[in-house]
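Close look at the chain arrangement
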2 protein chains.
Amino acid sequence: MSEFDFIRRYFAPLAKRQAGAFSLSDDAAVVRIPKGHELVVTKDAIVEGVHFLGDEDPALIAQKLLRVNLSDLAAMGAEPYAYALAVMLPPRADEAFVKAFTRGLAKDQKKFGITLLGGDTVAAPTHLCFSLTAFGKVKKGEALRRNGAKVGDIIYVSGTAGDSALGLKLLRWGLPCRDAKARKFLEKRYYRPEPRIALGLKLRKLAHAAVDISDGLVADLSHICECSRVGARIYQDKIPVSQAFNAVVGKKPEKRQDALTGGDDYELLFTVASADTRKITALSAALGLPLTEIGRIEKGAGVRVIGENGAPIALERMGFVHFAA
Amino acid sequence: MSEFDFIRRYFAPLAKRQAGAFSLSDDAAVVRIPKGHELVVTKDAIVEGVHFLGDEDPALIAQKLLRVNLSDLAAMGAEPYAYALAVMLPPRADEAFVKAFTRGLAKDQKKFGITLLGGDTVAAPTHLCFSLTAFGKVKKGEALRRNGAKVGDIIYVSGTAGDSALGLKLLRWGLPCRDAKARKFLEKRYYRPEPRIALGLKLRKLAHAAVDISDGLVADLSHICECSRVGARIYQDKIPVSQAFNAVVGKKPEKRQDALTGGDDYELLFTVASADTRKITALSAALGLPLTEIGRIEKGAGVRVIGENGAPIALERMGFVHFAA
């Protein structure tokens, strides 16, 4: 199949409900933004052998790509609107690959209420690479930022931390795990993170600062601290982890560091005035999503992690960094 | 250097004048569109070994990437506004690479009046890959489309065709060329195409249909024909070619097919009502850019190319296609 066949048969149907995509047959797409709104734009790339293994169901690769971008929109409090997609395909990525990949996108388009806007389909020598640009809408001036955390704010995290990093260890390094149910849960958390869109929308007039956890809880909290010119103190024993996480790593604190630094969680980490904690409790109940207090914003700089014995702990690393020495 | 060092030192300065980029320190960027305007969005990806060789000056790779996207904006009649960028870097792409690459971007940002909005910097196993999403502005409903060509329209092309394809042959396949000046010109046309922004803006209320020549003149004209449900007839001897093109390929018609099917020209191909040809002559003079009549839109479907002997000629291929059999 040529690129034009791929576009006509597999990508154009994903753009059907988007008038400004012109059936993917023009040089570019056109986006109209409702009055009083701004467009939130994020762009992530994923590469075979770095962000995914390459031999998984292509639908999973597609869904993860879309979801990590939607998670950025969630962290900005934006409502998902559309996305543009570049796919770089080596020779082995045949029609069956593209069919499965676009099936994954179609499923998630429905789930998240978005459509394809445009993009590019090109050949690559050896590795699969994808880049996605996601667009969201937000009322003027209401986007959630990283730079608003204030001394005394309570720090919250949604869901559970560390599942995805553990899922990846099970997948890639054959970490032993006799608990088949736990394994399945953790692998799913790695492949199909849940962008916290509904939470992000509700946090718009409530949170002082927000970020999604992609690099790792401590690393992403340090981004909030840097942008807000504050410090933070969090408690290892308050970090919410899943039953599956507990089942696999047990109780030893040093084995539990993935919850602090593992990354790829795509939960929201946010800070709220201490006067607003009751609103967060109510929001958690309304969304059916755990929102857990893990520490406080304080003066200074950087993140201090207090261990289970009450003393600060030293972390080997804060989170995932590309090109780290 | 880590990804964060790359971003701080080399990419953040490119986003300095763009308030909505938040110094590249947030989860996403925010775009405001002036009242009564729409945002035009295009996304192209380029891959080492497919779209560029890999050993050229990284500044040239960056400029080509930016310019092929700006050319899509030109074809829509949009004014360049900003861009988002994903860079996927194998281990050999070190700080010197990123420094040169961003130097190329900085130069072209000035030339085209745009700024970086956001993006992603990630590791890749072996090949350089880049994806760029370019944003332009256009007044509501004024975007140039491919689907408005009408029977009787005159078909025009800007600049000269075939230079870039010939430049690539000189670079990649060592096509012999004793004329150093011609070689330099053709290679430059390959690496640094001129997106026809000013022309696109002027064509907004004048052209019925427009496309930029990326796949090849005949292939891209066939896109206009398909979208507009018309046919086209063009004349090989009317296709404008450069002195350098003539110097390298000589007079034999079969050697001149690169002007018809070579691709990568990034000139604009457009159709205009026959009553408006004088306006095009005036526009050509005002812009100092050749705008050459090459044929007519007619009933039917597909592109007929009339050779120098007056008979239709058969082309080996219409243009470049990824994954062509």
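Structure first, text after, so check above.
So, a few notes on the structure that sits alongside this text. Since the structure is predicted, the reported quantities are computational estimates derived from the model, not experimental observations. (Residues numbered from 1 in each chain as written. Chains lettered and ligands numbered in written order. Predicted model: local features only at pLDDT ≥ 70, side-chain atom pairs only at ≥ 80, totals over all residues.)

1. Some words on the interface of chain B and chain A
The test is simple: Contact between two residues is assigned when their C-beta atoms, built from the backbone, lie within 7 Å. Helix and strand assignments follow DSSP, with helices taken as H or I runs no shorter than four residues and strands as E runs no shorter than two, numbered in order from the N terminus. Residues are grouped as follows: Ala, Val, Leu, Ile, Met, Phe, Trp, Tyr, Cys and Pro are nonpolar; Asp, Glu, Lys and Arg are charged; all remaining types, including Gly, are polar. Any two strands with at least two DSSP bridges between them are considered paired.
Contacts between chain B and chain A engage 55 residues on the former and 55 residues on the latter. Elements with a minimum of two residues in the side of chain B that touches chain A: helix H1 (3-11), strand E1 (29-31), strand E2 (37-47), helix H2 (58-75), strand E3 (79-89), strand E4 (115-123), strand E5 (129-139) and strand E7 (207-212) of chain B. Sorting elements by how many residues they give to the side of chain B that touches chain A places E2 of chain B first, with nine residues. By residue class, the composition of the side of chain B that touches chain A is 31 nonpolar, 12 polar and 12 charged. Inspection of the sheet shows strand E1 (residues 29-31) of chain A paired to E2 of chain B by three bridges, in the antiparallel sense. Its bridge partner being in E2 of chain B, Val31 of chain A is matched across the sheet by Leu39 of chain B.

2. Thoughts on the sheet that holds strand E2 (residues 37-47) of chain A
Threshold: Axis definition: a line fitted to C-alpha atoms, limited for helices to the stretch in contact. Angles are taken between N-to-C directions and run from 0 to 180 degrees.
Read across the sheet, five strands follow the order E4(A)-E3(A)-E5(A)-E2(A)-E1(B) without closing on themselves; strand pairing throughout is mixed. Pairing within the sheet leaves two strands with one partner each, and these edge strands are strand E4 (115-123) of chain A together with E1 of chain B. Direction aside, the axes of adjacent strands within the sheet are offset by 20° on average. In this sheet, E4 of chain A lies alongside strand E3 (residues 79-89) of chain A in parallel orientation, the contact comprising eight bridges. The residue bridging Ala86 of chain A from the neighbouring strand is Asp120 of chain A, located in E4 of chain A.

3. Considering the environment of Lys107 of chain B
Residues and elements named next belong to chain B. For clarity, the threshold we go by: Note on burial: count the other C-beta atoms lying within 10 Å of the residue's C-beta; 20 or more is buried, 12 or fewer is exposed, in between is partly exposed, and C-beta positions come from the backbone.
With respect to the helices and strands, the residue Lys107 is situated in helix H3 (residues 95-112). Residue classification places Lys107 among the partly exposed residues on the basis of 14 C-beta atoms within 10 Å. Once the C-alpha coordinates of Lys107 and Gln243 are considered, the two residues, 136 residues apart in sequence, prove to be 28 Å apart.

4. Overview of the nonpolar core
As a reminder of what qualifies: The term nonpolar core refers to a set of buried Ala, Val, Leu, Ile, Met, Phe, Trp, Tyr and Cys residues connected through C-beta atoms within 7 Å.
Of all hydrophobic cores here, the largest spans 211 residues; its most connected members are Tyr83 and Met88 of chain A together with Tyr83 and Met88 of chain B. In contact with Tyr83 of chain B, other than residues within four places in its own chain, are Leu66, Asn69, Ile114, Leu116, Leu117, Leu132, Thr133, Ala134 and Phe135 of chain B.

5. Focus: the sheet that holds strand E10 (residues 291-298) of chain A
All names here are of chain A. Strand order across the open sheet formed by six strands is E7-E9-E6-E10-E8-E11, with mixed pairing between neighbours. The open sheet has two edge strands with one neighbour each: strand E7 (209-212) and strand E11 (302-306). Recorded for the sheet is a direction-independent mean angle of 25° between the axes of neighbouring strands. Pairing analysis gives five bridges linking strand E8 (residues 231-235) to E11, with the strands arranged parallel.

6. Let's talk about the relation of the copies chain B and chain A
What counts here: Copy-to-copy superposition: least squares on the C-alpha atoms, limited to residues that have pLDDT of at least 70 in both copies.
Expressed as a screw operation, the relation of chain B to chain A combines 0.0 Å of axial shift with a rotation of 180°, fitting to an RMSD of 0.0 Å. In symmetry terms, the pair is related by a two-fold rotation axis. Looking at the rotation axis and the C-alpha trace of chain B, the residue lying nearest is Ser131 of chain B, at 3.3 Å. Counting the interface residues of chain B, we find that 100% of their copies in chain A are interface residues as well, pointing to one common contact surface.

7. Things to note about helix H3 (residues 95-112) of chain A
All names here are of chain A. Rules: Between the first and last residue of a helix there are one fewer steps than residues, each counted as 1.5 Å, and that sum is the expected span. This arc describes the spread of directions from the helix axis toward the C-beta atoms.
Here H3 is 18 residues long and its end C-alpha atoms lie 26 Å apart, about the 26 Å a rise of 1.5 Å per residue gives. Every buried residue belonging to H3 is among Val98, Phe101, Thr102, Gly104, Leu105, Asp108 and Gln109, and all of these are buried. For H3, the buried positions fall inside an angular range of 150° around the axis, keeping them on one side. Among the exposed residues of H3, those pointing more than 90 degrees away from its buried face are Ala96 and Lys110. Buried-residue contacts for H3 involve helix H1 (3-11), helix H2 (58-75) and E4. Just past H3, the residue Gly113 takes up positive phi, approximately 65°.

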